[in-house]
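Okay, here's what each chain looks like letter by letter:
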Amino acid sequence: MFRLILKNIWSRRGKHAWLFIELILVTIIAWKLIDHTTVLLYDASLPMGYDTDRLVKIDVGTLPESHKDYSTESADSAARMNSLWAFLTKVRALDGVAAATASGRYSFMGYPNINTGYRSLNLADSLEKTISGQQFWIGTDFFNTIGITPASTSSLSVLSDAGLQPGDMIFTESYARRYSPSGNIPGGKVFRSYSGDTVMYNVVAVSKDVRRKPTDRSYDLAFIAAAPEAYDNFTCVARLKPGVDMYEFMRELRIKAPRELRAGNYMVKTVAPYSKVFENMMHQGGHTTEYTRGIALTVFFMLNILLGVVGSFYLQTRRRISEIGVHRAFGTTQGNVLAMLIGEALVLGSCAFVVAELLYLQYAHAAGLSYGLISNTGTGVADTWVSSFGIHFALISVIVYVLLMACVLAGTYFPARKAAHINPIDALRNE
């Protein structure tokens, strides 16, 4: 059967030439589209590592001096610190709040972050890697509020920021494994920063893997303890108790805020679900538009490609009715006719796929493969299949091949099945 399939393809090479070229072009276009879309979907599927569904973000600002309630006694640094702690205490006392933390310019999960590199004093320089550094304020119950838990290899039952010193660090498991195969960094292990001046850090614990934001593919993250500071503006994040309606809570909070949440000169500016932090970040960076556009373009073009390939094979098979009648007249069974036609289509499609793969491989080596919304440099890239050229190319190739063969089968099976059941006398008479 296979020899017959090859013989038929060769004997019809002139008629198959245009279809062969079409399949090569279709494969190359599909490769480009599917590569980008697959990476986008993969990034969107990655778990954040902590629950954001019950987190509320409260932006806090300072009353202007012209405001009638402005207090000059609350304006100095010490008084502002007292007001900050008082504000946090009031938030924690609200009905429905399970925990709350105060956050400064670099102290809430999302944006912005500190990018720097660290290495062990006892290990090779090659282990240094630029990663995201996430500051948190000591004594603000950061880990409990956000929902970050100890690594499975850790002896700790909970992570706490109480008793830490500025500069103490907590690594995620992924980052810890760069220095220790077990992923558990012993307490007191000293690291050095190469971000200008030499700074010493103590790694005191390891957390489960978390991502700072949706545009980070990497789970390499270092939490850096910092002393609280009384900024003019800061952020308070509250975790609600299970079962509390977030939007009802925010509605009541906006009503209570002017009279119940005033602390010194600090006042509530805005209240929003924590998920809005990520949504706004994606939108402002143009990622939401690119994601939507990428998915829409892929679906649109793949549907057109599907219809084109299906239509081409459908017409190609219908034109061979008389040939099929001859085969049937000489005793070829319906099953053999169906297998022959489908086999020819699959062999032709596979050969076109191989040629297209070789052509696209040259392009991929020169221009690189898709990294989705993330640059192929910096802290957003982790050691996943996306950043491995060989695995990346092989995986997308399999997806493209499966989709291409599905199109070929869809365009061949139904007309071939109908042709295989035709009466050979009718087929020859019509011809």
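One structure accompanies this document, and this report is about it. (Residues numbered from 1 in each chain as written. Predicted model: local features only at pLDDT ≥ 70, side-chain atom pairs only at ≥ 80, totals over all residues. Heavy atoms only, no water.)

### Some thoughts on the overall build of the protein
Stage number 1. Secondary structure assignment for the protein yields twelve helices and ten strands.
Stage number 2. For the protein, with 431 residues in total, the buried portion stands at 48%.
Stage number 3. Sequence-distant contacts in the protein: of pairs separated by 6 or more residues, those separated by 24 or more amount to 81%.
Stage number 4. As presented, the protein carries roughly 20800 Å² of accessible surface, and 58% of it is formed by carbon and sulfur atoms. (Helix = DSSP H or I, 4+ residues; strand = E, 2+ residues; numbered from the N terminus. Buried < 20%, exposed > 50% of the residue type's maximum accessible area, 1.4 Å probe, protein only. Contact = heavy atoms within 4.5 Å. Areas by Shrake-Rupley, 256 points an atom, 1.4 Å probe, with all protein chains shown as cover.)

### Brief notes about the side chain of T145
Stage number 1. Along the polypeptide, T145 turns up in helix α4 (residues 142-146).
Stage number 2. Among residues more than four places away in sequence, those in contact with T145 are L55, A99, A100, T101, V237, A238 and R239.

### Digging into the pairing of strand β9 (residues 234-240)
For a regular strand, the rule is simple: side chains alternate between the two faces of the sheet.
Stage number 1. Burial analysis of β9 places seven of its seven residues in the buried class, the great majority of the element.
Stage number 2. Of the two faces of β9, the one holding F234, C236, A238 and L240 and the one holding T235, V237 and R239 are both buried throughout.
Stage number 3. Bridge count for strand β1 (residues 55-62) against β9 is six bridges, and the pairing is antiparallel. Across the sheet, residue V56 finds its bridge partner in β9, namely A238.
Stage number 4. As paired elements, strand β2 (residues 97-103) and β9 share six bridges and run antiparallel to each other. Bridging across to β9, T101 finds its partner in V237. (Pairing = 2+ DSSP bridges.)

### Let's talk about unusual backbone geometry
Stage number 1. Positive phi outside glycine occurs at D141, with the angle close to 65 degrees.
Stage number 2. Secondary-structure assignment places D141 in the loop between β4 (129-137) and α4.
Stage number 3. With a relative accessible area of 28%, D141 lands in the partly exposed category.

### Some details on a nonpolar patch on the surface
Stage number 1. A grouping of L297, F300 and F301 is seen on the molecular surface, where their side chains present a nonpolar patch of about 280 Å² in accessible area.
Stage number 2. Mapped onto the secondary structure, L297 falls in helix α8 (residues 287-318). (Patch = residues over 30% accessible without salt bridge, like charges linked within 9 Å, V, L, I, M, F, W, Y side chains within 5 Å. Salt bridge = Lys/Arg side-chain N within 4 Å of Asp/Glu carboxyl O.)

### Some remarks on the nonpolar core
Stage number 1. By size, the foremost hydrophobic cluster in this structure holds 30 residues, and its most contacted members are V56, I58, F87, V91, F234, F249 and L261.
Stage number 2. Contributing elements (two or more residues each) for this core: β1, α3 (77-92), β2, β9, α6 (246-260) and β10 (266-273).
Stage number 3. Once residues lying within four places of it in the same chain are set aside, the contact partners of V91 are I58, V97, A100, C236, A238 and L261.
Stage number 4. Listed in part, the 27 residues of the second largest apolar core include A345, Y371, F393 and V408. (Core = buried A, V, L, I, M, F, W, Y, C linked by side-chain atoms within 4.5 Å.)

### A closer look at α3
Stage number 1. Helix length check: α3, at 16 residues, gives a terminal C-alpha distance of 23 Å against a target of 22 Å (1.5 Å per residue), a fit within 8%.
Stage number 2. By the burial criterion, the buried members of α3 are A79, M81, S83, L84, F87, L88 and V91.
Stage number 3. Structurally, the start of α3 carries an N-cap: the backbone nitrogen of A78 is 3.2 Å from a side-chain oxygen of D76. (Expected span 1.5 Å × (residues − 1). Polar contact = N/O pair within 3.5 Å; in protein donor to acceptor, adjacent residues only side chain to side chain.)

### Things to note about the environment of V203
Stage number 1. As for its placement among the helices and strands, V203 is situated in strand β7 (residues 197-207).
Stage number 2. With relative accessibility at 0%, the residue V203 sits in the buried group.
Stage number 3. C-alpha separation for the pair V203 and D168, spaced 35 residues apart in sequence, amounts to 6.0 Å.

### Considering the side chain of E173
Stage number 1. Position of E173 relative to the elements: it lies in helix α5 (residues 173-176).
Stage number 2. At 3.4 Å, the side chain of E173 and the side chain of S152 are in polar contact.
Stage number 3. Apart from residues no more than four positions distant in its own chain, E173 is found in contact with A151, S152, T153, V206, S207, K208 and D209.

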